[in-house]
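# Survey of secondary and tertiary structure
So you can see what is in the structure, the chains are spelled out below.
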Amino acid sequence: MTDTDTHYPEANYQPPKRLSAVWLLPVVAAAIALWLLYQNVTETGLQITVHFDDGSGISAGKTPVIYQGITVGTVKQLRLNDKLDGVSATLELETQIEPLIRSNTQFWLVKPQISLSGVSGLDTLVGGNYISFQPGDGQTSLEFTALPEAPPFTDNSPGLKLSLRAAQLGSLTVGAPVLYQQIDVGDIEGYQLVDDGVEIALRIDPRYAHLVNDRSRFWNASGVRINAGLQGVSIDTGSLASVLAGGVAFDSPKGGNTVEDGEQFKLFENRERARGGRKILVHFPDAEGLSEGADVRLQGLRIGRIEALRFRSGGPKEGAEAELRINAPYFSYLNADSDFWLVKPQVSSAGIEGLDTLIGGPYISVRVDGEPGKAASQYTALREPPEQRIEAPGLRVVLKAEELNSVSVGSKVYYRKVAVGQVETVKLVADGVEIGIFIHQRYASLLHRESLFWNASGISVSGGLSGLNVKAESLATIVAGGIAFHTPEVKKPQAAWEGLTYTLHDDYESSFADKGREIRIYFASGNNLSKGTELKYEGIKVGEVTAVELDSNMQGVVVSARLAPTAKALARQGSRFWLIKPELGLVGTRNIETLLTGAYISVLPGSGETQTSFVGLERPPRQPAPAKGLNLVLSAEQRGSIKEGVKVYYRDIPVGEVFGVELSTDARNALIHINIEPRYATLVRANSRFWNASGVSVEFGLFSGAAVRSSSVESLIAGGIAFATPPGSSEEQPLAAQATSGQHYHLHKRARDEWQEWSPTIPIGATTGN
């Protein structure tokens, strides 16, 4: 068999098939990987690095990045920086805010802070610290350095944004209020240093933006301003917030135009500066008492202050040059003839001047003569205050006095404690002092030719154990002195005229010297008597002693006294005068109030003809019988310790009093006059028994022993009288007849035993024995 005969199998050819589905799996996997990569890139956002001084309050994965109150990122990583002097925080921010992240963007950490201005970052107390930022301009940047605190002008709240320029910040802080009429209308957003001082950013709430115009004036209303003086204390504050944290206040004169955001104003030191003013120079020959900040006053009203002092030596201008700032609108009141002088405390024989400066300090006073006009740029101060002359309609009269006392120029003149004028001039003359006074026109009719003037300065104090009586015309007369006058009623009064001269008396009582009456009283001794000793009737002063002299025969003293006009009737025949002085003894004391007030002369008026000479009694006269109650007469062999004022007892209860003791007409007995109080008058009957209850009764027997009797401790010391009333003899006649006034009884030396056992039933009533 040949090779050609060999049989080989025939090849079966099939065309190639399509791509297998298994190859789709890698494609899908690649697509998913690309999508995940895209999604990861788009969701990761912008990552930047911010360097902080320390990492306190920052936590990776927790501390958010917040802008305009919305979370826009978070801290992904926190690590120490390369130099180990701070930390670097990696922030992941949303891509939406990428346009805000530039090279000048500023980051800072917001955390709670407490200060006088308030609490900031309060929201971090709940949500924790967070990082905030302020967008900036410049190139794109991914690395920043955080600020230690929030930068100024970061508040984006709605409102009118203004800028203030000031030389210094003072006590102003971020968040301090902006006040208009003491109402909070905005706040301070921030501040920063500038070349010429401080720039302060304000925000005015939208509803109050219309209150600001281009003529508005802003001033620092921080803290408390206190003005103190004798007239009181004045405290000026803006609000409680401005006291603690400072504040800015403003007002807006009418006629201004509206302003836009960014308008700049000047911040003045205070309200007076904001209202404007004018500077003038005043030369003082003597610089004593001058100080920067002292007030300038016009008629007591503060119109400015001393801003600067410059001292000069040699030449005609030697002394001090004061630069005054006169506030608006008061500078328009001045003219070229205005007078300036320094008011400071001065003590002299005439009194104390400038007393208000003891608290408020010396100040400069201004007087303007003539019409207001253009003020001069320089003035020379007066060495002494000018004489004050009131430019008003009124009446001017003259008072003459031996000495000035505490009256001075400016002291008030009073009528019934109402100021009706004042002292204009004080002049020394040969025989004393002349005082020129001015009475206002509406009160001129109160002054007559017969008017009486007296010095109403200071305080008059009188009194005793029952209390003190303090008299003063007014508080002003205590401090600054004063003059008062009274116009007595006469049948034909005559009106006063310009220049009429009066006498100025020392006090109110002495002003009636010419209207009173002089009397003379002879006393055996001058003990406890002196000039000024008072004369009293029923406890009321009716005169006083003007002199005490020895009589011509050297046997006693003559007391000259002056009765008040209303007490002229005491100078009559039958009037009796005696000296009241303290009496101290074992049985009691009398007139103890005179230990404080001094002895005085008591008087009992008579009813005869007019008389001016009297003989003083050595002891008080017997008092007249009381008008109320039952008056009885007791007869005793001896007076014993019984005297006026001794009590009368019934069952050891005082029911009456002794009001007089005298000898009987035949001088055999002592007559003791007693008065039983009206409600106890029914206790005394025709058969009542009276006995001397004074002291102690001691009975002693050899076998019976000793018996000691005493009615009461009071009667033991001061003496006393007791009585008892026997019961009736029968039921038909239970008691004897009631005693009548003037009835006589015998005063036994002691009581019998049966008297003290009497115990009748007697109704006590309010009837009298009269």
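Residues numbered from 1 in each chain as written. Predicted model: local features only at pLDDT ≥ 70, side-chain atom pairs only at ≥ 80, totals over all residues. Heavy atoms only, no water.

### Remarks on the confidence of the model for the protein
Looking at the protein, the pLDDT average stands at 80 and 78% of residues meet or exceed 70. Below a pLDDT of 50 lies the segment residues 463-467, which in the model reaches nine contacts outside its immediate sequence neighbourhood of four places, other chains included. (pLDDT = per-residue confidence, 0-100. Contact = heavy atoms within 4.5 Å.)

### Looking at the sheet that holds strand E38 (residues 534-537)
Strands sit in the order E41-E44-E38-E39-E40-E37-E45 across an open sheet of seven strands; the sheet is mixed. What marks the edges here is a single partner per strand, and that holds for strand E41 (576-580) and strand E45 (613-615). Looking at each pair of strands side by side, their axes are set apart by 30° on average, direction ignored. Across five bridges, E41 lies against strand E44 (residues 600-604) in antiparallel orientation. Within the sheet, the bridge partner assigned to Trp 578 lies in E44 and is Ser 602. (Pairing = 2+ DSSP bridges. Helix = DSSP H or I, 4+ residues; strand = E, 2+ residues; numbered from the N terminus. Axes fitted to C-alpha atoms, helices over the stretch in contact; angles between N-to-C directions.)

### Some words on the nonpolar core
Of all hydrophobic cores here, the largest spans 25 residues; its most connected members are Leu 632, Ile 674, Val 684, Phe 690 and Ile 721. Secondary structure elements with two or more residues in this core: strand E46 (630-636), strand E47 (647-650), strand E48 (653-663), strand E49 (670-676), strand E53 (720-724) and strand E54 (744-748). With four residues, the top contributor of residues to this core is E46. Residues in contact with Val 684, not counting those within four places in the same chain, are Leu 630, Leu 632, Ile 676, Phe 690, Phe 723, Thr 725, Gln 738, Ala 739 and Tyr 745. Listed in part, the 24 residues of the second largest apolar core include Leu 162, Ala 166, Tyr 208 and Val 212. (Core = buried A, V, L, I, M, F, W, Y, C linked by side-chain atoms within 4.5 Å. Buried < 20%, exposed > 50% of the residue type's maximum accessible area, 1.4 Å probe, protein only.)

### Brief notes about the pattern of salt bridges
The full count for this structure, using the stated rule, is 22 salt bridges. Put simply, Glu 272 and Arg 302 hold a salt bridge, and the shortest N to O gap is 2.2 Å. With Glu 272 in helix H4 (residues 271-274) and Arg 302 in strand E21 (residues 301-312), this residue pair connects regions lying 30 residues apart in the sequence. In this structure, the salt-bridge partner of Glu 534 is Lys 536, at a minimum N-O distance of 3.8 Å. The partly exposed category is assigned to Glu 534, whose relative accessible area is 26%. Given the relative accessible area of 17%, Lys 536 is considered buried. Through salt bridges with shared partners, one network takes in Arg 273, Lys 279, Glu 307, Arg 310, Glu 321 and Glu 323. (Salt bridge = Lys/Arg side-chain N within 4 Å of Asp/Glu carboxyl O.)

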